[in-house]
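Breakdown of the fold
Read off the chains here:
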Amino acid sequence: MSNLKMKEAALIYLDRSGGLQKFIDDCKYYNDSKQSYAVYRFNVLINPSDIVELDAELGNHILHQPLKAAQVFQSVCYIAVKTLSLIGQLQTETQINIVLKLTHLPPLPSYCLDLCEFPRDYTSQRFYTMQGIVIAMTTVTKYTQGARFLCSDEACPLSKGFQYVRVHVPGATESATVRNDFLCNLCSSSLQEDRKFRVLGDKQIVEIITAKSLHAFQGYCNNQPFRFQSLTVFLRDESVNKMNIGNEYKVIGIPTCVKTSQTAVCVEANSITFCIPKVPSGISDNFRCLLSLTSSSCWKFTAILANIFASQIVPPGTYNLLKLCLLMSLVQTHNKELENCLDILIVTSDTLLIDRLLNFSINLVPRGIRHSVSTEIFPTLSRNKYGTGAVSIQAGSALLAKGGICFIGDLATHKKDKLEQLQSAVESRSITVYISGKKFGDDVDQQMTFPVQCSFWSFLDMDSPSRRNIQKTNMLIGQMDCSLIPANLVESFALLINCNESSSCHPLLPTVQHTLKKAIDPEGLLYLASKQFTTEDFEKLLAFAKNLNVEFSLEAERMIHGYYLASRRIRTDSIYGSKLSASALKYLVSLSEAHARLNLRNKVLKEDVLIAALLFETSLTLKYGNLLSY
């Protein structure tokens, strides 16, 4: 009686939710095809809240015993097919494969699978919700949705019909659905598959990690060792290609245990939702007060920000130009347009201090990734460990830093082919992966292109032993010697910044005193600015600023185009043409937007363009020399 009641509730729900009409439409597609299938697959959209209100027992089955709940809907749908004569080719109830697609799960801790907690439950065979960032994915391959088997003994009554139909269930491997050692229940003869009835579907495997794991990629250290492990998610049929490397998703699925060369906990994805980052409501009171006090000028607020920024690493008032550029790059990580990235290359003789400053800065945004020399910057290929024949594409630091910063350290430590790959990615804002069919056992070669949606930070060591052996002789006035790396790569960075510690802009004494005090008291706040404007205040400020929508004023547009045309005309000669790259206008626009965002304004003013032109002109001088040299 309980089962009958649940079937009645299932039919009522399908009727009320529009699911019954969708089912009838799907049946019409199958019936019109005039082809017999071993399995007829139907998706049923389920809202758990509505189901629980209608029938608590059925709702409980869906949430905690989804395979049994699917059998209830299977029985209802089979009766509907036979009663309404929807599919003439259908013979048995087992041929109907019902996939329950949940809209959500109750927002309770018992329905969440925390990727940081062990052990992970894979025995209850029920739905959980989990959230993670995609770090790897495979190409799409085929799997068996369902297959028909017949008894090999022709005298047996089960050598005909659809009495033996095997259907894929969550967690099952391909061998669980199709293999050659099945026996007939009636006569114990071996079963043989009728291959012309096999139904195939698409399958893709992705690996996700929790956002907390990004600490491992940020140079983060709290003196406590930790480890993280990715979780494998199986995507099937309409879910394939719904996830992209670097994005964060919320997944509803059933955890299972898959035994390959190693026993691993995996998840059969049921539904996927893209996670939209939360936008903070405002900034701290101290920054709000500072913004009010500096409202008379378009430059005071950002100048003070640059002055006090990273006072935990360098004394206030030092490295202001670099810190301003870092802040502007950080607020351009809003991940809306590829053209807005601000890549920074720093030339310095104090690599230790610059390394600390950049590492501190990337920890202020959720996707600040410090590239490790033991990993790859861009995607790499490997064979899939689950033996599906698919190629696994590992993200690499650049794709993992989507919507953030990829800090790649000293450029001179990277090999020539990696530098060429970096130059191509910076110029095109994309990276293409070539998959050799011959190498990975496929019939044809493939290629996949991924957008590069991060800004790159790097530096060059002025005191590098390699640089001492290679001295450039034909240097122009004001030009920096960057001969350790290809000139085209230097040009591809939006900003080239000189941080020479012996200059008047970077006095040695305050930095030395700061370093000694920090060595004595690493956690101490040495300056009033550090107490008034904390790291958390800067995190909130950057998160708020980068989500501001900005537009250009008419005056700003005229000024930026006027400067670009004038600069291009001055830096053009009859032999080599223009020294100004095609991306110059894009960089100027991005710099202007960044300064407006850092000022917490929605409109780009001519004052923002002026700062952008000054920074860009300084960078051009370091790249090509002073205008007097032309």
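Our structure is the block above this text.
Throughout what follows, the structure given in this document is the object of discussion. (Residues numbered from 1 in each chain as written. Predicted model: local features only at pLDDT ≥ 70, side-chain atom pairs only at ≥ 80, totals over all residues. Heavy atoms only, no water.)

Let's talk about the nonpolar core
- Residues Phe287, Leu322, Trp457, Phe538 and Phe616 are the most contacted members of the largest nonpolar core, which totals 70 residues.
- With eight residues, the top contributor of residues to this core is helix 20 (residues 606-624).
- Excluding residues within four positions of it along the chain, Phe538 makes contact with Phe287, Leu305, Ile308, Phe309, Leu327, Leu364 and Phe533.
- By size, the runner-up hydrophobic cluster in this structure holds 59 residues, among which are Met243, Val347, Phe456 and Ile485. (Core = buried A, V, L, I, M, F, W, Y, C linked by side-chain atoms within 4.5 Å. Buried < 20%, exposed > 50% of the residue type's maximum accessible area, 1.4 Å probe, protein only. Helix = DSSP H or I, 4+ residues; strand = E, 2+ residues; numbered from the N terminus. Contact = heavy atoms within 4.5 Å.)

Brief notes about the packing of helix 18 (residues 554-570) against helix 19 (residues 584-598)
- Running from N to C, helix 18 and helix 19 point in directions that differ by 145°, and their axes come no closer than 10 Å. Between helix 18 and helix 19 the crossing geometry is right-handed. Contacts between helix 18 and helix 19 involve Ile560, His561, Tyr563 and Tyr564 on the former and, on the latter, Ala584, Leu585, Leu588, Val589 and Ser592.
- Partitioning the contact of helix 18 with helix 19 into residue classes produces seven nonpolar, two polar and no charged. (Axes fitted to C-alpha atoms, helices over the stretch in contact; angles between N-to-C directions. Left-handed = near helix turned anticlockwise from the far one by under 90°. Nonpolar A, V, L, I, M, F, W, Y, C, P; charged D, E, K, R; others polar.)

Remarks on helix 15 (residues 508-520)
- Helix length check: helix 15 (13 residues) gives 19 Å between terminal C-alpha atoms against 18 Å at 1.5 Å per residue, within 8%.
- For helix 15, the complete set of buried residues consists of Thr511, His514 and Lys518. On an axial view of helix 15, the arc spanned by its buried residues comes to 60°, and they lie on one face. Structural note: helix 15 exposes Leu509, Leu516, Ala519 and Ile520 on the side pointing more than 90 degrees away from its buried face. (Expected span 1.5 Å × (residues − 1). Arc of directions from axis to C-beta.)

Concerning the pattern of salt bridges
- Under the definition given, this model contains 18 salt bridges.
- The partner of Lys101 in a salt bridge is Glu238, with the nearest N and O atoms 2.9 Å apart. On the criterion of sequence distance, the pair formed by Lys101 in strand 2 (residues 96-102) and Glu238 in the loop between strand 8 (231-236) and strand 9 (248-259) is long-range, its members being 137 residues apart.
- On the accessibility criterion, Lys101 (11% relative accessible area) is buried. (Salt bridge = Lys/Arg side-chain N within 4 Å of Asp/Glu carboxyl O.)

Focus on the packing of helix 9 (residues 320-330) against helix 10 (residues 351-362)
- Packing of helix 9 against helix 10 brings their axes to within 11 Å, and their N-to-C directions diverge by 30°. Relative to helix 10, the element helix 9 is oriented roughly parallel. With respect to the hand of their crossing, helix 9 and helix 10 are arranged in right-handed fashion. Of helix 10, the residues touching helix 9 (which contributes Leu322, Lys323, Leu326 and Leu330) are Ile354, Leu357, Leu358 and Ser361.
- Of the residues in the contact of helix 9 with helix 10, the class split is six nonpolar, one polar and one charged. (Parallel < 35°, antiparallel > 145°, perpendicular 65-115°, else oblique.)

Some thoughts on the state of the cysteines
- The final tally for this structure, using the stated rule, is zero disulfides.
- Of all cysteine sulfurs, the one in Cys187 lies closest to Cys151, which takes part in no disulfide; the gap is 3.4 Å. (Disulfide = S-S within 2.5 Å.)

Focus: helix 12 (residues 416-428)
- With 13 residues, helix 12 extends 18 Å between its outermost C-alpha atoms, agreeing within 8% with the 18 Å of an ideal straight helix rising 1.5 Å per residue.
- When we look at burial in helix 12, the residues that qualify are Leu419, Leu422, Gln423, Ala425 and Val426. Burial along helix 12 is one-sided: seen end-on, the buried residues are contained in an arc of 165°.
- On its buried side, helix 12 packs onto strand 15 (404-410), strand 16 (430-435), strand 18 (454-461) and helix 14 (487-492).

Thoughts on the environment of Val99
- The residue Val99 is located in strand 2 in this model.
- Given the relative accessible area of 17%, Val99 is considered buried.
- Taking the C-alpha atoms as reference points, Val99 and Leu67, separated by 32 residues in sequence, lie 9.2 Å from one another.
- The contacts of Val99, once residues within four sequence positions are left out, are Arg41, Phe42, Asn43 and Val44.

Some thoughts on the packing of aromatic side chains
- Tallied over the full model, the rule gives 17 aromatic pairs.
- Between Tyr30 and Tyr40 the ring centres are 5.1 Å apart and the planes differ by 90°, which places this aromatic pair in the edge-to-face class. You can see Tyr30 sitting in helix 2 (residues 19-33) and its partner Tyr40 sitting in strand 1 (residues 40-46), a full 10 residues away along the chain.
- A relative accessible area of 13% places Tyr30 in the buried class.
- Residue Tyr40 is classed as buried on the basis of its relative accessible area of 0%. (Phe/Tyr/Trp six-rings, centres within 6.5 Å; stacked < 30°, edge-to-face > 60°.)

Let's talk about the sheet that holds strand 19 (residues 495-499)
- Spatial ordering of the open sheet is given by 12-15-18-11-19, a layout of five strands whose pairing is parallel. Sheet topology places strand 12 (368-370) and strand 19 at the edges, where each strand pairs with a single neighbour. If you compare each strand with its neighbour and ignore which way they point, the axes differ by 20° on average.
- Bridge analysis of strand 11 (residues 344-348) against strand 18 gives five bridges, and the strand direction is parallel. From the neighbouring strand, Ile346 faces strand 18, where its bridge partner is Phe459.
- Against the sheet, helix 9 touches strand 11, strand 15, strand 18 and strand 19, its axis set at about 150° to strand 19. (Pairing = 2+ DSSP bridges.)

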